[in-house]
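Letter by letter, the chains look like this.
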Amino acid sequence: MRPSHIAAILEREFVAAASGEHTPVMLWGPPGVGKSRIIADLAQRHGVPLIDIRLSQMEPTDLRGIPFRAGDRVEWSVPAILPDRSRHGERGILFLDEITSAPPTVTAAAYQLILDRRLGEYRVPDGWAIFAAGNRQGDRGVTYVMPAPLANRFTHYEVEPHLDDWVAWAHAHRIDPRIIGFLRFRPDLLFDFDAARNPIAFPSPRSWEYAHRALAKFGADGALLLDALQACVGPSAGIELKAFIDTMERMPDIDAILEGRGGQVPKEVDLQYGVAAALVRRAMQAGRGPEARRVLGNILKYAQAFPQRELGVMLVTDMHRTLGQPLIDLPEFSDWANSITDLVLYERRVAGP
């Protein structure tokens, strides 16, 4: 399932925790696909605490607590890592990460916590959602088969990389537009993991974020940059990205396009992808007001100039994902939409009713 759909499901599950209708959710997927990031973004969006418990690094007593004598009885101390209303707040997310890498003795201790929202006398506060994540059996990670009693305590979703979702996330998180343009040009490299080869560094949503950081640190030194990019996304993808970045030095004047003076679209297809990504970023930075409307209008006019109109559609679609309704309200949007009417009709005829 694509990340944006999973994010929508987790959003509703989080809201449902306050009314007692929440069901624990288990996210499956290969390493680096963005499982943890989806949950972290949800917590940040709502401004609530995220308690991230790595079960693979825990002992059963870390969850259950340690017994102590209280008069004639034995009671259990409540671990400080578990959600507490007075310390953490009324709402939040309890995230059990790497759950498939935890030994069975640890996962057994989590059964009651996940299903009944309690461990002994401890109770998970109302308003707290319980999410978990882990790798699949074939991902060459340290994994245990999830026992049926534990699996039956979750609803299960498999996270699959999706380029459009990643591009929207990347623009929102200010990822270098050259990386976005490169992945639009080479979409097959968004995620390229072959468990049979067991690569050390490989392209993934997580490692492309690392490549963004490498660009910020080593962008001024070509020799170091190549090594750093290869260390992030692997030898082959690193070389291709470095070549793409070098090509971007011939990119047309973006400021001239925004001012309505740059009508020429570069002939090289890779440069066209780079220009499109750069224009989306500048559209986001334009803000609101008359000046922003002029900038967006000029970008929409430029979108009509792409020799391959699909690239213009990609540019406007990415802008719409980041800007929403204000883009559609522009008169230039209607002009652009009318310019691709025959393309849309043709695609509908090919796809059928």
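Rules behind the numbers
Residues numbered from 1 in each chain as written. Predicted model: local features only at pLDDT ≥ 70, side-chain atom pairs only at ≥ 80, totals over all residues. Heavy atoms only, no water. Domains from an automatic or database assignment. Salt bridge = Lys/Arg side-chain N within 4 Å of Asp/Glu carboxyl O. Buried < 20%, exposed > 50% of the residue type's maximum accessible area, 1.4 Å probe, protein only. Contact = heavy atoms within 4.5 Å. Polar contact = N/O pair within 3.5 Å; in protein donor to acceptor, adjacent residues only side chain to side chain. Axes fitted to C-alpha atoms, helices over the stretch in contact; angles between N-to-C directions. Helix = DSSP H or I, 4+ residues; strand = E, 2+ residues; numbered from the N terminus. Parallel < 35°, antiparallel > 145°, perpendicular 65-115°, else oblique. Left-handed = near helix turned anticlockwise from the far one by under 90°. Nonpolar A, V, L, I, M, F, W, Y, C, P; charged D, E, K, R; others polar. 1 Å grid on protein atoms, 1.4 Å probe; cavity = no way out; pocket = protein on both sides within 12 Å on 5 of 7 lines; lining within 4 Å. Points joined across faces, edges and corners; volume = space filled by probe spheres on them.

Participant: Talk me through the domain arrangement of the protein; I want residue IDs and the actual numbers.
Facilitator: On domain assignment, one finds that the protein holds domain 1 (3-158), domain 2 (163-249) and domain 3 (254-351). Once you take the C-alpha centre of each, domain 1 and domain 3 turn out to be 43 Å apart.

Participant: Before we move on, could you go through the pattern of salt bridges and cite the residues and values that matter?
Facilitator: Across all of its chains, the model carries 22 salt bridges by this definition. One connected set of salt bridges, linked through shared partners, spans R37, D41, E209 and R213.

Participant: Which residues make up the environment of R184, and what are the values?
Facilitator: For R184, a relative accessible area of 11% puts it in the buried group. Separated by 134 residues in the primary sequence, R184 and D318 place their C-alpha atoms 11 Å from one another. Setting aside its immediate chain neighbours within four residues, R184 contacts L163, D164, V167, Y273, M314, D318 and R321. Within the structure, the side chain of R184 is placed 2.6 Å from the side chain of D318, a separation counted as a polar contact.

Participant: Mind laying out the packing of helix α9 (residues 205-218) against helix α10 (residues 222-233), listing which residues take part and the relevant values?
Facilitator: Packed helix pairs are specified by the crossing angle of their axes together with the interaxial distance, meaning the distance between the axes. As a packed pair, α9 and α10 sit with axes 8 Å apart at the nearest point and diverge in direction by 165 degrees. By the criterion of interaxial angle, the relationship of α9 to α10 is roughly antiparallel. Here α9 and α10 pass one another in a crossing that is right-handed. Of the residues in α10, those in contact with S207, W208, Y210, A211, A214, L215 and F218 of α9 are L224, L225, A228, L229, C232 and V233. In the contact of α9 with α10, the residues fall into 12 nonpolar, 1 polar and no charged.

Participant: If you had to explain the layout of surface pockets to someone new, which residues and values would you point to?
Facilitator: By volume, the largest pocket amounts to about 1,100 Å³. Counting only elements with at least two residues in the lining of the largest pocket, the list comes to α1 (3-16), α2 (35-46), β2 (50-54), β5 (92-97), β8 (128-134), α7 (163-172), α9 and α15 (309-323). Top contributing element to the lining of the largest pocket by residue count: α2, with 8 residues. The class makeup of the residues in the lining of the largest pocket is 19 nonpolar, 13 polar and 16 charged. In this structure, the second largest pocket encloses a volume near 190 Å³. Where the lining of the second largest pocket is concerned, the elements lending two or more residues are α13 (269-285) and α14 (290-303).

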